[in-house]
Amino acid sequence: MISYIIRRLGYMLITLVFVTIVGFFIIELPPGSYLEFHIQSLRQQGGDVTPDQIQALERRYGLGDPVHIRFYKWISGFPRGDFGQSFQHQRPVGELIWSRLGYTLLISVATLIVSWGIAILVGVYSATHRYTIPDYLITVLQFIGLAIPNFLLALVLMIFLQQTFGMRVGVLFSREFRDAPFSIAKMIDLLSNIWVPIVILGVAGTAWTSRVMRANLLDVLNMQYVQTARAKGIHERKVIWKHAVRNALHPLVMTLGMALPGIISGEVVVSTVLNLPTSGPLFFQALIQQDMYLAGTFLVFFAVALLVGNLLADIMLAGLDPRIQYR
Amino acid sequence: MVETSAETIAADAGEEISEVGEIPQSKLIWMRFSRNKLALIGGVGLIIMYIIVGLGPFIASNYYRHQNQDYLFGPPTPLTFIGPDGRLGLQPYTFEFSTRLDPESFKFVFDIDRDTRVPLELFVRGDPYSMLGFIESDIHLLGIEGEQRFYPLGTDALGRDVFARLLIGGQVSLTVGLVGVALTIILGSVMGTISGYFGGLVDDVMQRVIELILSFPTVPLWAALAAALPPISRDFTAVHRFFLITVILSLVNWTGLARQLRGKVMGYAESDFVMAALASGASDARIIFVHMMPNASSHIIVVAALAIPGMILGETALSFLGLGILPPAVSWGSMLTQAQAVPVVVEHPWLMTPGIAVVLAVLFYSFLGDALRDAADPYSI
């Protein structure tokens, strides 16, 4: 098991190198970068800016150097936490992204947990009550949940909350807590705001996962060991939860690695609509302004989050299913 | 009955099929497919949508770029079926109205004169348009004779007909999925087949590339690539941009199909019919295209149908964020950008109608894809 994890970490490192190459490719992609634009406008200002400053900038990002040297210059800053400069915000990228990335991950993981909890319950219910009216109702809701674009849902819910409850959507903390130190009251305040993006993000995931759960459980319920358990006179609730559900969960855990990219994608879009202080608004703003070091670094870190998530999913699967052997 | 005929088909494959009690596989698939009511709803709904959108310029009463300065953010034209004589009929009427500027709120106010009825008529001459690339006309399905215009879904911030834009935007939003899926199928089946058939180093490299692509969340990756597209100019038209957006969407989507097809092809490589083809000296190309592809075709169709909704949603999200389809082109996503601010939507709810269209299209495609998946394997229970 441990050797498996070490080998997976090794693979991850290799993938990571390629991820940064893709990230750099994205940075280099737009014709006429923000950097060149920035230097040009510095030149035009003349007076205040010394040629030294411009030269320092050019040396830092290797303007005029061949591609591989520019790439090296960017990536060699990583261990020091230097990811380049955001020219739009006039601050280092590292400073800008940490807290925002943290909230994105917090919302994503919370969404995953909530939507899985609900989805498993709903899936079990509709599998054990197949072809009844509630089951049909759930199926319809699942289809609709998958068909609504998450940004549309965000818009609708935002309007609804503002019109009916006068709730201010688009913040994680109320004004009095924003700069307050950590406390229980601050956590409660966070919870009272954070459920909105979690609900929006969770809808599609819950719809999808509960459909998979229903199909899995229906397969498992036909198995002979379930019949045997019933024949032995075990209480039906125990048959379902102990014998069937545990085995129906495996395929679901295998899709965990695939669920995370969707949720992070969704978080980025939804938080842009709600204008939450997470990665979304900053990332899209950077893309539209072609502030590419910021956007490229975000992309690399999204990928890192997914790689780690995949590894955790695999380890979890091993814990859940002793039949899986790792070589 | 069905089971026995299935066995007979399998046993008699290649020989002349006797006429009694046989059901060909294609018919089995159709039987299974048409039994699914949701699939029928999805299929018929999509056909209707594509027809309406295709005939958009004719069905809409106005040209989608016509700006009515006197009717900014105008509500949908009110209709009544009660004629001037006070009797209920089939002839729809609307009312005469006038626009004035409210001196206090500085907003346009539309005064509707409930006593003067204006009949809505069929085949009215209006804005000239060209449709489907070869029809030039100025006759619209519904309209009002004279100065007044008919806006079934109101107008947007620039006084443009939302209904007309919905239909024209649908042309983009509904074809993104089709073009994107065509590209996905080509890329995915070529890559998947090569990977599965030749194995070895090619396969290894391909799998690593797919893993690399899948290690990025889709929407941010799409957005980053779309952000690099040049702005619309004379050399880089809206059509170019549309095409490149679909390329970007399928650049990520082909990986799923390639993976599944690789598995299929690896399975076929062991099968008797491929062995027989190899033994009789068939070339690699012949084995792939004549023996393997037809077997995998139903699978490819299912994966494709299930991929279309994702593409439509992807385009909508990108355009909504201002990175996809850009003006002067219009899509459902780019129409929704106008509905971003809460006060705007609350006062002008008709701006949200493109959202309903997206949900319907995706819903219909999901129904269809689900039913195709069940039908593609007609021998299962």
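How each quantity is defined
Residue indices follow the written sequence of each chain, beginning from 1 at its first position. By the order in which they are written, chains take letters starting at A while ligands take numbers starting at 1. Whole-chain, interface and lining totals are the exception, using all residues; otherwise, since this is a predicted model, local features are given only for residues with pLDDT of at least 70 and side-chain atom pairs are given and counted only at 80 or more. To get the side-chain values, take all heavy atoms of the structure and skip hydrogens and water. Two strands are said to pair when DSSP picks up at least two bridges between them. Helix numbers and strand numbers start at the N terminus; a helix is a DSSP run of H or I with at least 4 residues, a strand a run of E with at least 2. As annotated, the domain borders come from an automatic or database domain assignment. Two residues form a contact once any of their heavy atoms are found within 4.5 Å. Note on definitions: buried area is the accessible-area loss of two parts on being combined, 1.4 Å probe, summed for both. A pairing counts as a salt bridge when a side-chain nitrogen of Lys or Arg comes within 4 Å of a carboxyl oxygen of Asp or Glu. Within 3.5 Å is the distance limit for a polar contact, defined as a pair of N or O atoms, with the added protein rule that one can donate a hydrogen and the other accept it, and that residues adjacent in sequence qualify only through two side-chain atoms. Gly counts as polar in this scheme, as do all residues outside two lists: the nonpolar Ala, Val, Leu, Ile, Met, Phe, Trp, Tyr, Cys and Pro, and the charged Asp, Glu, Lys and Arg. Think of it in three bands: residues with accessible area under 20% of the maximum for their type are buried, residues over 50% are exposed, and the middle band is partly exposed, with areas taken using a 1.4 Å probe on protein chains only. Note on method: axes are straight lines fitted to C-alpha atoms, helices fitted across the in-contact stretch only, with angles between N-to-C directions ranging 0 to 180 degrees. Here a Phe, Tyr or Trp ring, Trp counted by its six-membered ring, pairs with any other such ring whose centre lies within 6.5 Å, and the pair is stacked when the planes are under 30 degrees apart, edge-to-face when over 60, and tilted otherwise. Consider the ring centre and the ring normal. A charge sits over the ring if Lys NZ or Arg CZ is within 6 Å of that centre and within 35 degrees of that normal.

Caption draft 1: Layout of the pairing of strand S5 (residues 135-143) of chain B. Residues and elements named next belong to chain B. Relative to S5, strand S4 (residues 121-131) runs antiparallel, the two sharing seven bridges. Bridge assignment links Met131 to a residue of S5, and that residue is Ile135. Counting the residues between successive antiparallel strands, the hairpin from S4 to S5 contains three residues, one of them, Leu132, with a positive phi of roughly 55 degrees.

Caption draft 2: The arrangement of the domain arrangement of chain B in detail. Its domain assignment divides chain B into domain 1 (77-150) and domain 2 (165-375). For domain 1 of chain B versus domain 2 of chain B, the distance between C-alpha centres works out to 41 Å.

Caption draft 3: Quick look at the interface of chain B and chain A. On the chain A side, the residues contacting the 37 residues of chain B number 40 residues. Summed over both partners, the interface of chain B with chain A buries about 3200 Å², with 84% contributed by carbon and sulfur atoms. Taken together, the links from chain B to chain A amount to one salt bridge. Across the salt bridge formed by Asp370 of chain B and Arg211 of chain A, the nearest N and O atoms sit 2.7 Å from each other. At the surface where chain B touches chain A, the tally comes to three residue pairs in polar contact (both at pLDDT 80 or more). For the side of chain B that touches chain A, the secondary structure elements donating two or more residues are helix H6 (200-214), helix H7 (218-227), helix H10 (284-320), helix H12 (342-347) and helix H13 (353-376) of chain B. In terms of residue count, the dominant contributor to the side of chain B that touches chain A is H13 of chain B (nine residues). For the side of chain B that touches chain A, the per-class residue count stands at 29 nonpolar, six polar and two charged.

Caption draft 4: Examining the pattern of salt bridges more closely. In this structure the tally under the stated criterion is eight salt bridges over all chains. In this structure, the salt-bridge partner of Arg214 of chain A is Asp135 of chain A, at a minimum N-O distance of 3.0 Å. Pair noted here: Arg214 of chain A is in helix H8 (residues 184-221) and Asp135 of chain A is in helix H6 (residues 133-147), with a separation of 79 residues, a long-range link. By relative accessible area, Asp135 of chain A is classed as buried at 2%. A salt bridge links Arg165 of chain B to Asp156 of chain B; the shortest N-O distance between them is 3.7 Å. Looking at Asp156 of chain B, the relative accessible area reads 3%, which means it is buried. Residues participating in the shared-partner salt-bridge network are Asp156, Arg160 and Arg165 of chain B.

Caption draft 5: Quick look at the sheet that holds strand S1 (residues 80-82) of chain B. Residues and elements named next belong to chain B. The strand order across the open sheet built from three strands is S1-S2-S3, with neighbouring strands paired in antiparallel fashion. Because the sheet does not close on itself, it has two edges, and the strands there are S1 and strand S3 (108-119). Shown here is a sheet whose adjacent strand axes are inclined to one another by a mean of 40 degrees, direction ignored.

Caption draft 6: A look at the domain arrangement of chain A. All names here are of chain A. You can read the domains of chain A as domain 1 (2-80) and domain 2 (100-320). Listed as interface residues are 19 residues of domain 1 and, on the opposing side, 17 residues of domain 2. Both faces considered, domain 1 and domain 2 share a buried interface measuring about 1700 Å² in area, 79% of it formed by carbon and sulfur atoms. Across the contact surface, domain 1 and domain 2 share zero salt bridges. If you look at where domain 1 meets domain 2, you find zero residue pairs in polar contact (both at pLDDT 80 or more). Here the element with the most residues in the side of domain 1 that touches domain 2 is helix H1 (residues 2-28); it accounts for twelve residues. Here the residues of the side of domain 1 that touches domain 2 are counted per class, giving 14 nonpolar, four polar and one charged.

Caption draft 7: Spatial organisation of the packing of aromatic side chains. Following the criterion strictly, the structure yields twelve aromatic pairs over all chains and no others. Relative to Phe302 of chain A, the ring of Phe298 of chain A lies with its centre 5.8 Å away and its plane at 20 degrees, an arrangement referred to as stacked. Separated by four residues within a single helix, Phe298 of chain A and Phe302 of chain A lie in helix H13 (residues 292-320), roughly one turn from each other. Judged by relative accessible area, Phe298 of chain A falls into the buried class, the value being 0%. Pairing Tyr63 of chain B with Tyr64 of chain B gives two aromatic rings, centres 5.3 Å apart and planes at 70 degrees, and the pair type is edge-to-face. Every member of this aromatic cluster is reached through a ring pair, and the members are Phe283, Phe284, Phe298 and Phe302 of chain A. Just above the ring of Phe143 of chain A sits the side chain of Arg211 of chain A; from NZ or CZ to the centre is 4.8 Å.

Caption draft 8: Fine view of the pairing of strand S2 (residues 88-101) of chain B. Residue and element names in this part refer to chain B. Pairing of S1 with S2, which is carried by two bridges, proceeds in the antiparallel orientation. If you follow Thr80 over to S2, its bridge partner there is Tyr93. Counting the residues that bridge the hairpin from S1 to S2 gives five residues, and of these Gly86 lies at a positive phi of roughly 85 degrees. With nine bridges joining them, S2 and S3 adopt antiparallel strand pairing. Counterpart to Glu96 in the pairing with S3 is Asp113. In sequence, S2 turns back onto S3 through a hairpin of six residues, with Phe106 there showing a positive phi of about 55 degrees.

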